[in-house]
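# Secondary and tertiary structure notes
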Amino acid sequence: MKKFIISVIAVFSAAAFLSAQDPHSTVNYDESLVGEYSLEDPLRFVDGSKVRNAADWRLRRQEILDIFQREMFGRLPEPSGIYLETLEEGQTICGFGTRRQIRMWFREDRTGPKIDWLVVTPNQVKGPAPAVMLLNYNGNQTILDDPEVLVCEGWMHTNNPADGYVDNHATEKTRGFHVGDNYRTTYPVSTVLARGYAFITACYADISPDPDPLTRDESGEALQDGFAYTGIFDLWGPRDPSRDDNTTAIMAWAWALMRGMDMICRDPQLDESRVVLTGSSRLGKAAMLAGAYDERFPVVVLNQTGGGGVPLAKRNFGENIATEVYSYRHWYCRAYDKYAGKTDTMPFDQHLLVSCIAPRALLVEGFGEQWFDTKGEFLSLKAAEPVWKKLKRGGLGSQEWPSEYSTEAIGPHLGYVRRDLLHGISAIDWKWMLDFADSNFAGKTQKRQK
């Protein structure tokens, strides 16, 4: 009973100001109603002093990262040892690539939480290959139409039997679901290999389940208040209900991507100096966090992150903090609740987190759905741009919000591009991503064989 009482308190603390009103009914889509807002200077410390050089920026960057742990995404767990087990290896995509399935354990006795990674390397590349890494939504078996790929065992967000999901678990019917262009998200592994990149992925369900808002179990507990903190959370012990900065699901997904980078650094077939980190929607948020906190990722490409990702929170347009904490409270720590409807009290905004990727390369890909406020993404990048310029990495290719499909705002190390179509990573998004990576990796030599 005590556990259930805690979950109910969390529900009302997240939405107390709403008076039981669904905040989705008050979302603004009118530019004339956005209003004025002010943004913090990424190149000025909290105490008001200025960032003068790269050494100062490293201190300011840590100050910003601490803010986001304390106020929005919760604490980033310490790195863990990883223990890798190759479950299977073979040729795939008509012999064009080599498939490896690697199980990542976090305890030496190989018990407890695990993550199954699918690693596909291009056979035509001699020496360590650059790589694209991301988390996927529906299981590694959806990425390739290959009978050898293991069906993900994790609890799935989706539960549509027509698509092959039964009791929130994937079945054999889901194999190859994302192959081709017949769905809004595509994973063109053969194209990635043809461009000379390895493809690395794991299902986010292996890390932390992602239940729908207010869905409850048989005991009445909201799954977002308990079940969401299983999986990889078992490594970190019980949550402290007295804290408002406990680790969130998004931070856990980001932590897993960092452990994926640990795996890449051990692999002689992969070049850790040429890795593209990407993700779409909530997993774009996770990639954003991983890219901000882990400087080993040289190129970060964020696809349609939505509220809580790249777009400015203080810009009253589309998804907002009220809708975020109402619908997805396991994504954000309880400290974030107090800013719902009160963004003018926030001592930070998303451009600060964006800036923490500098001076590394960042491309943001938006699309036309108003809920995702792609103009707010561009304005966030503009507000973060002074950091790239301060570190002599240039800025956006254009200071004007570009038209759809225009690449004029893609600079050498900081870029923005948008399109219409549906939500998800489409073929054109992959082209922009790989072109941006190519330009940043051009002239870089492969690492030495390990």
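Scroll up for the structure.
Here's what I pulled together on the structure shown here. As the structure is a computational prediction, the values presented were derived from the model and not from experiment.

About the criteria used
- Residues numbered from 1 in each chain as written.
- Predicted model: local features only at pLDDT ≥ 70, side-chain atom pairs only at ≥ 80, totals over all residues.
- Heavy atoms only, no water.
- Helix = DSSP H or I, 4+ residues; strand = E, 2+ residues; numbered from the N terminus.
- Buried < 20%, exposed > 50% of the residue type's maximum accessible area, 1.4 Å probe, protein only.
- Pairing = 2+ DSSP bridges.
- Axes fitted to C-alpha atoms, helices over the stretch in contact; angles between N-to-C directions.
- Polar contact = N/O pair within 3.5 Å; in protein donor to acceptor, adjacent residues only side chain to side chain.
- Contact = heavy atoms within 4.5 Å.
- Expected span 1.5 Å × (residues − 1).
- Bend = angle between axes of the 7 residues up to and from the residue.
- Core = buried A, V, L, I, M, F, W, Y, C linked by side-chain atoms within 4.5 Å.
- Disulfide = S-S within 2.5 Å.

### Thoughts on the environment of Asp 271
Tracing the backbone through its elements, the reader meets Asp 271 in strand β8 (residues 270–280). Classification of Asp 271 by relative accessible area gives buried; the value is 0%. Asp 271 sits 144 residues away from Gly 127 along the chain, and the two C-alpha atoms are 8.7 Å apart.

### Some words on unusual backbone geometry
Across the junction of Ala 358 and Pro 359, the peptide omega takes the value 5°, indicating a cis bond. Structurally, the position occupied by Pro 359 is in the loop between α7 (350–355) and β10 (361–367). Unlike most non-glycine residues, Cys 94 shows phi in positive territory, near 55°. Positioned with a positive phi, Ser 281 is a non-glycine residue whose angle comes to about 60°. Position of Ser 281 relative to the elements: it lies in the loop between β8 and α5 (282–293). Given the relative accessible area of 14%, Ser 281 is considered buried.

### With respect to the sheet that holds strand β1 (residues 83–92)
What the 9 strands build is an open sheet, ordered β1-β2-β3-β7-β4-β8-β9-β10-β11; its pairing is mixed. Two strands bound the open sheet, and with one partner strand each, they are β1 and β11 (414–419). Adjacent strand axes in the sheet meet at a mean angle of 20° when their direction is disregarded.

### A word on the side chain of Thr 201
One can find Thr 201 in strand β7 (residues 198–203). A polar side-chain atom of Thr 201 sits 3.0 Å from the main-chain carbonyl oxygen of Leu 134. Of note is the side chain of Thr 201, whose polar atom sits 2.9 Å from the side chain of Asn 136. Not counting the four nearest positions on each side in its chain, Thr 201 is found in contact with Asp 116, Trp 117, Leu 118, Leu 134, Leu 135, Asn 136, Asn 140 and Ile 143.

### Some words on helix α8 (residues 374–390)
Taking 1.5 Å of rise per residue, 17 residues should cover 24 Å, and α8 covers 25 Å from first to last C-alpha, within 8% of that figure. Maximum bend of α8: about 40°, positioned at Ala 384, with proline Pro 386 one to four residues after it. Turning to α8, its buried residues are Thr 374, Gly 376, Glu 377, Phe 378, Ser 380, Leu 381, Ala 383, Ala 384, Glu 385, Val 387 and Trp 388. Contacts made by the buried residues of α8 are with α2 (54–73), α7, β10 and β11. Positive phi appears at Lys 392, one or two residues downstream of α8, with a value of about 60°.

### Remarks on the pairing of β7
Here β7 lies mainly inside the structure; 6 of its 6 residues are buried. Residues Ala 198, Ile 200 and Ala 202 point to one face of β7 and Phe 199, Thr 201 and Cys 203 to the other, with burial holding for every one of them. In the sheet, strand β3 (residues 114–122) pairs with β7 via 4 bridges, with the strands oriented antiparallel. Of the residues in β7, the one forming a bridge with Leu 118 is Thr 201. Two strands pair when backbone bridges link them, and strand β4 (residues 129–136) and β7 are joined in this way by 6 bridges, in the parallel orientation. Bridging across to β7, Asn 136 finds its partner in Cys 203.

### Considering the nonpolar core
Grouped together as the largest cluster of nonpolar side chains are 91 residues, with contacts concentrated most on Trp 253 and Leu 362. The element that contributes the greatest number of residues to this core is helix α4 (residues 249–266), accounting for 13 residues. Leu 362 has contacts with Val 300, Leu 302, Val 354, Ile 357, Leu 381, Trp 388, His 413, Leu 414, Gly 415 and Phe 436, leaving out every residue within four places of it along the chain. Leu 118, Tyr 187, Met 433 and Ala 437 belong to the second-largest nonpolar core, a separate cluster that totals 27 residues.

### Quick look at the state of the cysteines
Following the criterion strictly, the structure yields 0 disulfides and no others. The thiol of Cys 152 is unpaired, and the distance to the nearest cysteine sulfur, on Cys 203, comes to 3.9 Å. Looking at Cys 152, the relative accessible area reads 10%, which means it is buried.

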